[in-house]
Amino acid sequence: MAYKCDFCGKEFTASGHLHVTNKKKLYFCSSKCLKNSVVLERDNKKVKWTEEFRRFNSLNKK
Ligand SMILES: [Zn+2]
């Protein structure tokens, strides 16, 4: 089964990190993504190495 990282958008299969809050389940491809999202509470639209950043910025380019 493949998961998509909720932070960087990368797909991964085995060695991911699952973070469960009382509202939802979040999947992360690495502890780096987990840390950035959960601990540092970074917005993935503002973090350069995420897919969300690329998508967000290409939509806003004029
Ligand atoms: Zn990731």
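Keep in mind it's a predicted model, so treat the numbers as computed, not measured.

### Examining helix 1 (residues 31-39)
Then, in step 1: Here helix 1 has its buried residues at Cys33, Leu34, Asn36 and Ser37.
Then, in step 2: On the buried face of helix 1, the contacting elements are strand 3 (17-20) and strand 4 (25-28).

### Brief notes about the pairing of strand 4
Then, in step 1: Of the strand pairs in this sheet, strand 3 and strand 4 are connected by 4 bridges, and their pairing is antiparallel. Across the sheet, Leu18 pairs through a bridge with Tyr27, a residue of strand 4.
Then, in step 2: Remark: 4 residues form the turn of the hairpin made by strand 3 and strand 4, two consecutive strands paired antiparallel.

### Description of the confidence of the model for the protein chain
Caution applies to low-pLDDT regions: their predicted coordinates should not be interpreted in detail.
Then, in step 1: Here the protein chain shows a mean pLDDT of 91. Residues at 70 or above account for 97%.
Then, in step 2: Confidence, expressed as mean pLDDT per element, reaches its minimum in the protein chain at strand 3 with 89 and its maximum at helix 1 with 95.

Procedures and definitions
- Residues numbered from 1 in each chain as written.
- Predicted model: local features only at pLDDT ≥ 70, side-chain atom pairs only at ≥ 80, totals over all residues.
- Buried ≥ 20, exposed ≤ 12 C-beta atoms within 10 Å, placed from the backbone.
- Helix = DSSP H or I, 4+ residues; strand = E, 2+ residues; numbered from the N terminus.
- Contact = placed C-beta atoms within 7 Å.
- Pairing = 2+ DSSP bridges.
- pLDDT = per-residue confidence, 0-100.

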